[in-house]
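Residue-level structure breakdown
This is what each chain is made of:
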Protein chains: 2
Amino acid sequence: MFFIQNAVGQKFGKEYMQTINIIHLGLGNVGKEVVKQIAQQEIFVRESFFTRINYVAIFVSKKEVVDFNGIPLSLLVNDKEIPWENSTNSDLALELINTVSSPFILLDTTASDKTLPIVKRALQKGGYVVMSNKKPLTVLQKESDILDSLGKHRLFYETTVGAGLPIIHTLQTLRETGDEVLEIQGCLSGTLGYIFSELEKGKKFSMVVLDAKNQGFTEPDPRDDLSGLDVARKALILSRMLGKKMELSDIPLQDLYPQSMNKLSTEDFLNQIHTLDKQYQENVSKAKKENKVLRFLARITKQTSAVGLETIDKESDIGNLQGPDNIVVIKTKRYQKNPLIIKGPGAGIEVTATGIFGNIIDIIKKEVHI
Amino acid sequence: MFFIQNAVGQKFGKEYMQTINIIHLGLGNVGKEVVKQIAQQEIFVRESFFTRINYVAIFVSKKEVVDFNGIPLSLLVNDKEIPWENSTNSDLALELINTVSSPFILLDTTASDKTLPIVKRALQKGGYVVMSNKKPLTVLQKESDILDSLGKHRLFYETTVGAGLPIIHTLQTLRETGDEVLEIQGCLSGTLGYIFSELEKGKKFSMVVLDAKNQGFTEPDPRDDLSGLDVARKALILSRMLGKKMELSDIPLQDLYPQSMNKLSTEDFLNQIHTLDKQYQENVSKAKKENKVLRFLARITKQTSAVGLETIDKESDIGNLQGPDNIVVIKTKRYQKNPLIIKGPGAGIEVTATGIFGNIIDIIKKEVHI
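Given the structure is predicted, the values throughout are model-derived calculations rather than measurements.

Procedures and definitions
- Residues numbered from 1 in each chain as written.
- Chains lettered and ligands numbered in written order.
- Predicted model: local features only at pLDDT ≥ 70, side-chain atom pairs only at ≥ 80, totals over all residues.
- Helix = DSSP H or I, 4+ residues; strand = E, 2+ residues; numbered from the N terminus.
- Buried ≥ 20, exposed ≤ 12 C-beta atoms within 10 Å, placed from the backbone.
- Contact = placed C-beta atoms within 7 Å.
- Domains from an automatic or database assignment.
- Nonpolar A, V, L, I, M, F, W, Y, C, P; charged D, E, K, R; others polar.
- Pairing = 2+ DSSP bridges.
- Axes fitted to C-alpha atoms, helices over the stretch in contact; angles between N-to-C directions.
- Least-squares fit on C-alpha atoms with pLDDT ≥ 70 in both.
- Core = buried A, V, L, I, M, F, W, Y, C linked by C-beta atoms within 7 Å.
- Parallel < 35°, antiparallel > 145°, perpendicular 65-115°, else oblique.
- Left-handed = near helix turned anticlockwise from the far one by under 90°.
- pLDDT = per-residue confidence, 0-100.

The next subject is the overall build of chain A. Looking only at helices and strands, one finds 14 helices and 10 strands in chain A. The proportion of buried residues among the 370 residues of chain A is 48%. Long-range contacts, defined here as pairs at least 24 residues apart, represent 69% of the contacts in chain A between residues at least 6 apart.

Attention now moves to the domain arrangement of chain A. Residue and element names in this part refer to chain A. The domain boundaries assigned to chain A delineate domain 1 (2-164 + 350-367) and domain 2 (173-345). Counting residues at the interface gives 11 residues for domain 1, matched by 14 residues for domain 2. In terms of residue class, the side of domain 1 that touches domain 2 is built from 5 nonpolar, 5 polar and 1 charged.

So, on to the interface of chain B and chain A. Across the contact, 39 residues belong to chain B and 39 residues belong to chain A. Listing elements by their share of the side of chain B that touches chain A, those giving two or more residues are helix H1 (2-11), helix H2 (29-40), helix H7 (167-176), strand E10 (340-345) and helix H14 (349-367) of chain B. It is H14(B) that contributes the most residues to the side of chain B that touches chain A, 8 residues altogether. Looking at the side of chain B that touches chain A residue by residue, the classes come out as 16 nonpolar, 15 polar and 8 charged. The sheet contact formed by strand E10 (residues 340-345) of chain A and E10(B) spans 3 bridges and is antiparallel. Note that in E10(B) the partner of A:Ile341 across the bridge is B:Lys343.

All right, on to the sheet that holds strand E9 (residues 325-332) of chain B then. Read from one edge to the other, the open sheet built from 10 strands follows the order E8(A)-E7(A)-E6(A)-E9(A)-E10(A)-E10(B)-E9(B)-E6(B)-E7(B)-E8(B), with strand pairing classed as antiparallel. At either margin of the open sheet sits one strand with a lone partner, and together these are strand E8 (305-313) of chain A together with strand E8 (305-313) of chain B. Averaged over all pairs of adjacent strands, the angle between their axes in this sheet comes to 20 degrees, without regard to strand direction. Where strand E9 (residues 325-332) of chain A meets E10(A), 6 bridges bridge the pair, whose relative direction is antiparallel. Looking at the pairing, A:Val328 lines up with A:Ile342 of E10(A). Contacting strand E6 (181-187), strand E7 (292-301), E9 and E10 of chain A, helix H8 (residues 190-199) of chain A runs over the sheet at an angle of about 150 degrees to E7(A). Helix H13 (residues 277-289) of chain A rests against E7 and E8 of chain A of the sheet, and its axis sits at about 90 degrees to E7(A).

Each copy superposes on the other: chain B lies on chain A with an RMSD of 0.1 Å after a rotation of 180 degrees and an axial shift of 0.0 Å. Put plainly, the chains are arranged around a two-fold axis. Among all residues of chain B, the minimum C-alpha distance to the rotation axis is found for B:Lys366, at 2.0 Å. The share of interface residues of chain B whose copies in chain A are also at the interface is 100%, consistent with both copies meeting through the same surface.

So, about the sheet that holds strand E3 (residues 104-108) of chain A. All names here are of chain A. The parallel open sheet is built from 5 strands, whose spatial order is E2-E1-E3-E4-E5. The open sheet has two edge strands with one neighbour each: strand E2 (51-59) and strand E5 (155-156). Pairing analysis gives 8 bridges linking strand E1 (residues 18-25) to E2, with the strands arranged parallel. The partner of Thr19 across the bridge, within E2, is Arg52. Along the sheet, helix H5 (residues 116-124) makes contact with E1, E3, strand E4 (128-131) and E5, crossing E3 at roughly 165 degrees.

Here we take up H7(B). Because the α-helix completes a turn every 3.6 residues, residues three or four places apart line up on one side. Along H7(B), 8 of the 10 residues are buried, which leaves the element largely enclosed by surrounding structure. Considered for burial, the residues of H7(B) that qualify are B:Ile167, B:Ile168, B:His169, B:Thr170, B:Leu171, B:Thr173, B:Leu174 and B:Glu176. Looking at the buried positions of H7(B), the neighbouring elements they touch are helix H7 (167-176) and helix H14 (349-367) of chain A together with strand E6 (181-187), helix H11 (229-241), E9 and E10 of chain B. Trailing H7(B) by a residue or two, B:Gly178 shows a phi angle of about 90 degrees, which is positive.

What follows deals with unusual backbone geometry. The omega torsion across A:Ser102 and A:Pro103 is -5 degrees, close enough to zero to call that bond cis. Of note, the phi angle at A:Ala163 is positive, near 50 degrees, even though the residue is not glycine. Examined against the element boundaries, A:Ala163 turns out to sit in the loop between E5 and H7. The class for A:Ala163 is buried, based on 25 C-beta atoms found within 10 Å. With phi around 60 degrees, B:Asn291 is a residue other than glycine that occupies positive phi space. Here B:Asn291 shows up in the loop between helix H13 (277-289) and strand E7 (292-301). A tally of 10 C-beta atoms within 10 Å means that B:Asn291 is categorised as exposed.

Of all hydrophobic cores here, the largest spans 192 residues; its most connected members are A:Ile23, A:Ile105, A:Val129, B:Ile23, B:Ile105 and B:Val129. With near-sequence residues (within four places) excluded, B:Ile105 lies in contact with B:Ile20, B:Ile22, B:Gly127, B:Tyr128, B:Val130, B:Ile360 and B:Ile363.

Here we come to the packing of helix H2 (residues 29-40) of chain A against H14(A). Residues and elements named next belong to chain A. One can describe the packing of H2 onto H14 by two numbers: an axis separation of 8 Å at closest approach and a directional angle of 60 degrees. Here H2 lies oblique to H14, going by the angle between them. When you trace H2 past H14, the crossing you get is right-handed. Between H2, through Asn29, Val30, Glu33, Val34, Gln37 and Ile38, and H14, the contact on the second element is made entirely by Ile349, Glu350, Thr352, Ala353, Thr354, Ile356 and Phe357.

Here the focus is the packing of H5(A) against helix H6 (residues 141-151) of chain A. Residue and element names in this part refer to chain A. For the pair H5 and H6, the least separation of the axes is 8 Å and the interaxial angle reads 25 degrees. Comparing their axes, H6 and H5 come out roughly parallel. Considering only the axes of H5 and H6, their crossing is left-handed. Counted together, Leu116, Lys120, Leu123 and Gln124 of H5 and Glu143, Ile146, Leu147, Leu150 and Gly151 of H6 form the full contact between these two elements. Broken down by class, the residue content of the contact of H5 with H6 amounts to 5 nonpolar, 2 polar and 2 charged.

All names here are of chain A. Along E3, 5 of the 5 residues are buried, which leaves the element largely enclosed by surrounding structure. Both E1 and E3 contribute to a ladder of 5 bridges, which runs parallel. By the bridge assignment, Ile22 is partnered in E3 with Ile105. In the sheet, E3 pairs with E4 via 4 bridges, with the strands oriented parallel. Counted as the bridge partner of Leu107 is Val130 from E4.

This next bit is on the confidence of the model for chain A. The predicted coordinates ought not to be read in detail in places where the model reports low pLDDT. All names here are of chain A. Residues of chain A with pLDDT of at least 70 account for 88%, and the chain-wide mean is 87. Every residue in residues 1-14 scores below 50 in pLDDT, and together they form 24 contacts with partners more than four places removed in sequence or on other chains. Low pLDDT, under 50, characterises residues 62-83; the stretch is placed with 31 contacts to residues that sit more than four places away or in other chains. The complex model carries a pTM of 0.90, and its ipTM stands at 0.90.

This is how it looks when you write it as structure tokens:
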């Protein structure tokens, strides 16, 4: 039905305006920014791609006043300001997916591990999925295989690694054109990047972590960053892109604090973190003597997928990284001597929303023929 | 017609294999590598995208034996090994475009300034165009506007700047999602990059240029590189992407040798190039004292588009660049404090072909609905 209309649209000189429907899960800071950017570009999208973006529903995660920041409310046909994570709303999301017209996009900007069934249903129904949520991609391999079989080419997830940086699209192009990825090295945590480049300046580990926490760079409990789990999830997503069959648990985590500190309350952890200062100071000094620096690195080859602290030449691209920037260094058969490098902020509300909206634009370009 | 078939393809469970036709102009080293990569990925493309790539014709630029490197010749339905640049073959190309079935792609891997009418005809007929050839994009602004009006979204040219590096796609995404590009800084010539990073090692300008020439890094007449014209073309392409209306002649060229040397023969130029050594040695030394280096930079803002030699902090991303690598540093409203940086080889047969094939894959993904 849609394709025929579309063909007519082309035949009669772009007179047909197509509609793309969006069902959006999760309206946190990033989700709101996505809505804002879409609203700001509404006219551009209509004029450039003859496409009207129609928000069918937004499922917010808690009862809150949504500030649409000057967005025309007409954009929201059916704004359900209700938590979607309980079963009723999960059911409502599934129901909407069953009845929405194609083409449609399910947007997952939550951080929830409960959206997988909704993602699967959307793919089953021929819809597109765009997610910044890493959880549905870091499920068990057998679940991941099901996702792939349902619609690998309709699943977009640029922002799960490096936010708006064009890492996923680049790796896909390399793979699809027959290049062979030999190694990916990445600093994929802005938080850990900030911490280790501050340590270089001679600051104490405890002070840097507390500073980062106070500036809102870390999770409420900094151990969530220091455990490396977030980086491991990203490493798993990249590994699976390279065709590796593996589980999250196959990537050994290297905590940046002793395991014994896991049983402490957040407050006690923060009070005792200074006990780690001496060790880090020694490590940083030792590295410095060899003109090296500490970096928390994801390293993926055909054989291994690992995350952990490494000592790196200060003069290298990775050693040269400063502050919260991310970097990926991609070595392939074709980019062997000189790798392909992408660098820049790997977190942030605006740039993450840009990456998500970029995926939506890619889908619109697929669907429209002009 | 095509869309209906395609819809049926989707309806009846991917049973429909679509065909995408290619008319390919220019079979130099890059053109041959594109054909090779496509042939190697033929099965992948069929299985992943249910698409058969059908080479309708390849127009080579001179009568030569084409080594297809193990490519199944069945790929070439109608291989015309005749020069296409004379009027007869230009006519033949136009004729083929008039009769070829959609969807089709015109590939321009020539370095010719004669392909513009063929490119225009392909867009007029609803076809896609993929080019590594910069010339049709650096024509007069009024011609460029016509190209845009014929099918802006069907024109792909990732490899015209930075070869396989994902520069064009990234800028498009930023623009289309409503970000505002404030400044692009780029080292976009591998040849000039090599020359200036060798100068840093204390080598003489004449020796470095002659070395580069002997290694095949420069054009036969190195003045073609040293004039900066190639970088200016790339700067124009980037400027027009940002919506600037301007001509190639609006970008002032900064020759890296005195204008008086333009009247010399290549041989005489090479014999006299040593007269420039002292000046370059002084410039490099002076920069070094301030911990700086010389870089040949394209710099594009809303106000200016310029190319020329600049003195840059050695510790910066651009100052840190070594050898023939390219780099672009993109500052936008959303990537303001920390820019988005892409770095890597910006020339080379394999990586350029990868970028071209990547554009073809993007088109295939647009055309197929799976």
